[in-house]
Structures are given as structure tokens and as C-alpha cells.
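Read off the chains here:
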Amino acid sequence: FDQTGPRDILQNYYFYLGRKGLILEGNPFLVPANNAMSLAEKIGFLADNPALLPPLCEHGRDFIRDYYDLKETQKRLIHILAE
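Residues numbered from 1 in each chain as written. Predicted model: local features only at pLDDT ≥ 70, side-chain atom pairs only at ≥ 80, totals over all residues. Heavy atoms only, no water.

Side note on the overall build of the chain
Moving on, step 1. The secondary structure content of the chain amounts to five helices and zero strands.
Moving on, step 2. Taken from N to C terminus, the helices and strands of the chain fall in the order α-α-α-α-α.
Moving on, step 3. Computed over the C-alpha atoms, the radius of gyration of the chain is 15 Å, more than 25% above the 12 Å expected from 2.2 N^0.38 for a compact globule of 83 residues.
Moving on, step 4. C-alpha atoms of the chain, sized along the principal axes, occupy 45 × 30 × 15 Å.
Moving on, step 5. Out of the 83 residues in the chain, the part that is buried amounts to 16%.
Moving on, step 6. For the chain, restricting intrachain contacts to residue pairs at least 6 apart in sequence, the fraction spanning at least 24 positions comes to 59%.
Moving on, step 7. Accessible area for the chain stands at about 6,400 Å²; split by element, carbon and sulfur atoms hold 61% of it.
Moving on, step 8. If the 9 positive side-chain charges of the chain are averaged to one point and the 11 negative ones to another, these points end up 7 Å apart. (Helix = DSSP H or I, 4+ residues; strand = E, 2+ residues; numbered from the N terminus. Rg over C-alpha atoms; globule rule 2.2 N^0.38 Å. Buried < 20%, exposed > 50% of the residue type's maximum accessible area, 1.4 Å probe, protein only. Contact = heavy atoms within 4.5 Å. Areas by Shrake-Rupley, 256 points an atom, 1.4 Å probe, with all protein chains shown as cover. Lys, Arg positive; Asp, Glu negative; His and termini not counted. Charge placed at Lys NZ, Arg CZ, Asp CG, Glu CD.)

By themselves, these are just geometric observations and shouldn't be taken as functional.
See below:
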């Protein structure tokens, strides 16, 4: 959803895909916050266009590894909890 946290991750992934040469119109992942109809429309669109999913998801594992390494995330979380 389009709110702090999920928005940041989805925008980072969108830009990551752009650097991989995947040009997307708008951010197909971002849904307005608290908008169930928009979420349903995005899910419906992707269900009707399954060929769009493989290129969008192909780099997901690499993106997570590069930007959200588990050990680094653990360090950050411990730092936040210790404050």
C-alpha cells in the first residue's frame, strides 16, 4: 500500500527493475492506502495479464538479497529496539 514502509520497498523495487532495463508505466505494485477497490483492480489486472508477472517478479530474490539482507535487517531492528 502507498504508505511508509511498503511504499518505500515497492518504489525501490520499481527503480531496481528500471536499472535492469525493465521499463514500466507507473508503479504496477503500488496501491493507494486503505483502498480495497484499487487493490482488487490491480489483482484483477494481473490475473487477466499473467504474462506481465514473470518479468516483474524475475528479479525479486536478487532485489531482496541486495537491499534487505537478513543479517543487516537484524542489526537495524536490534538498533531500533535498543533505542
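Now that the structure is up, let's keep going.
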